[in-house]
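# Examination of the molecular architecture
So the chains spell out like this:
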Amino acid sequence: MRRFVDWYWLMASAIALMAAGAAGAQNADFLKSYKGTPFHDSKYNGGAQKIPGTVMCAYYDMGGEGVAFHDADAKNNGSGALNPANGTYLNEFRMNEGVDTSYTKFGLDPKIDDNPYDKVTPPAGLLYVGWTEPGEWLNVTVEVAETGEYTADLLYTSNRGGTISLDVNGVAATGPLMIVSTYDAADAVAWRQWHHWNVAKDLVRIHLNKGRNVLTVHTVAQGQMNYATLEFKRVRSS
Ligand SMILES: [Ca+2]
Ligand SMILES: [Ca+2]
């Protein structure tokens, strides 16, 4: 019996090591062949976004449809559409790309993102990704300061709940993550159901290796969510 137990643990350890090796090789292959690059524009030129820290979803990678993201339609339904092209940075942010982006608007009547139904008040003028649909994804290249286990809080809105998931370097890393609905029947302004902000605390828990990594954020189910930021903290060093 003892011998069997020893053998069993030996085999289990060997399989775990092989799996880790395979994932490591897969990660290296993904990073080598990946054609996306960190976002930069006239206002942001910081390179890969830093972890620990706050990752802006609207700063998804450059490289276009099928490389840096997949979106249901080639139009940006926020920049240049809902927010007409008027020469301002926020209205025209990435307006020629398929991912749909907008920003938080304060001080209007009726109130938009500073409304009384917010669970948390986001910063004003904060860029976010909206018009999300199941099957869509976006990549964000990040620079990780230290290897370890990280959690992330998502600043979001969700009209009726939904599910997202994350990959690290092309490998599924989280499984489905349930997003709690921010729908509030008390709000009589129908379109404002897309603007009730909340933070999903510790929504994500992933292992990251020091250095360059590519995170993929998938919209898995429901959609109709707005993603602003993922705030990463290191919780363990291994
Ligand atoms: Ca689109
Ligand atoms: Ca979309």
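Nothing here was measured: the structure is a model prediction, and the numbers come from that model.

It is worth spelling out empty space enclosed by the protein at this point. Evaluated as defined, the whole model comprises one cavity of 30 Å³ or more. By volume, the largest cavity is sized at about 70 Å³. Residue lining of the largest cavity: 13 residues in total, with Asp71, Val129, Thr132, Glu136 and Leu138 positioned closest to the centre. Of all the secondary-structure elements, those providing two or more residues to the lining of the largest cavity are β6 (137-144) and β12 (211-221).

In this section: unusual backbone geometry. For the bond from Ile51 to Pro52, the omega torsion is 5 degrees, close enough to zero to count as cis. Note that Pro52 resides in the loop between β1 (49-51) and β2 (53-56). In this structure, Pro110 follows Asp109 across a cis peptide bond, with omega equal to 0 degrees. Mapped onto the elements of the fold, Pro110 is located in the loop between β4 (101-103) and β5 (127-129). Of note in the backbone geometry, Gln224 takes a positive phi value of approximately 60 degrees without being a glycine. Topologically, Gln224 is positioned in the loop between β12 and β13 (225-236).

Attention now goes to the environment of Ala81. Examined against the element boundaries, Ala81 turns out to sit in the loop between β3 (69-70) and α2 (89-92). The spatial distance from the C-alpha of Ala81 to the C-alpha of Tyr128 is 15 Å, given a sequence separation of 47 residues. Look past the residues within four positions of Ala81 in its chain and what remains in contact with it is Lys75 and Asn76.

This part is about the coordination of the calcium ion (ligand 1). Taken together, Asp71 (OD), Asp73 (O), Asp73 (OD), Lys75 (O), Gly98 (O), Asp100 (OD) and Asp100 (OD) make up the protein donors of the calcium ion (ligand 1), found 2.2 to 2.8 Å from the metal. When the donors of the calcium ion (ligand 1) are listed by position in the chain, the intervening gaps give D-x1-D-x1-K-x22-G-x1-D. The distance between the calcium ion (ligand 1) and the calcium ion (ligand 2) is 4.1 Å, with Asp71 acting as a donor to both metals. One end of the pair, Lys75, is in the loop between β3 and α2; the other, Asp100, is in the loop between α2 and β4, and 25 residues separate them in sequence.

With that out of the way, let us pick up the coordination of the calcium ion (ligand 2). Six octahedral donors around a metal ideally subtend angles of 90 or 180 degrees, whereas four tetrahedral donors ideally subtend 109.5 degrees. Protein-derived coordination of the calcium ion (ligand 2) comes from Asp71 (OD), Asp71 (OD), Asp100 (OD), Trp131 (O), Glu136 (OE) and Glu136 (OE), at a distance range of 2.3 to 2.8 Å. Each of the six donor atoms around the calcium ion (ligand 2) contributes to a set of angles spanning 49 to 162 degrees, which defines the coordination as irregular. Each donor residue of the calcium ion (ligand 2) belongs to the same chain, with the gaps between them written as D-x28-D-x30-W-x4-E. Given the relative accessible area of 5%, Glu136 is considered buried.

The next thing to look at is the domain arrangement of the protein chain. When cut into domains, the protein chain gives domain 1 (1-33) and domain 2 (36-236). Computed from C-alpha coordinates alone, the two centres of domain 1 and domain 2 are separated by 34 Å. Contacts between the two partners involve four residues from domain 1, matched on the other side by seven residues from domain 2. Approximately 510 Å² of surface area, both sides summed, lies buried where domain 1 meets domain 2, with 65% of it carried by carbon and sulfur atoms. A per-residue breakdown of the area domain 1 buries against domain 2 is headed by Asn27, Phe30 and Leu31, which together make up 84% of the total. Taken together, domain 1 and domain 2 are joined by zero salt bridges. Counting across the domain 1 and domain 2 interface gives zero residue pairs in polar contact (both at pLDDT 80 or more). Within the side of domain 1 that touches domain 2, the residues separate by chemical class into two nonpolar, two polar and no charged.

It is worth spelling out the environment of Asn159 at this point. Mapped onto the elements, Asn159 comes out in the loop between β7 (148-158) and β8 (162-168). Sequence separation between Asn159 and His195 is 36 residues; the distance between their C-alpha atoms is 8.2 Å. Among all residues touching Asn159, those that are not within four sequence positions of it are Ser181, Thr182, Tyr183, Gln193, Trp194 and Gln224. Looking at Asn159, its side chain comes within polar contact range of the side chain of Arg160, at 3.4 Å.

So, how was this worked out
Residues numbered from 1 in each chain as written. Chains lettered and ligands numbered in written order. Predicted model: local features only at pLDDT ≥ 70, side-chain atom pairs only at ≥ 80, totals over all residues. Heavy atoms only, no water. 1 Å grid on protein atoms, 1.4 Å probe; cavity = no way out; pocket = protein on both sides within 12 Å on 5 of 7 lines; lining within 4 Å. Points joined across faces, edges and corners; volume = space filled by probe spheres on them. Helix = DSSP H or I, 4+ residues; strand = E, 2+ residues; numbered from the N terminus. Contact = heavy atoms within 4.5 Å. Donors = N, O, S within 2.8 Å, 3.2 Å for Na, K, Ca; no water. Tetrahedral: all angles 85-135°; square planar, octahedral: opposite > 155°, others 65-115°. Buried < 20%, exposed > 50% of the residue type's maximum accessible area, 1.4 Å probe, protein only. Domains from an automatic or database assignment. Buried area = accessible area lost by both parts, 1.4 Å probe. Salt bridge = Lys/Arg side-chain N within 4 Å of Asp/Glu carboxyl O. Polar contact = N/O pair within 3.5 Å; in protein donor to acceptor, adjacent residues only side chain to side chain. Nonpolar A, V, L, I, M, F, W, Y, C, P; charged D, E, K, R; others polar.

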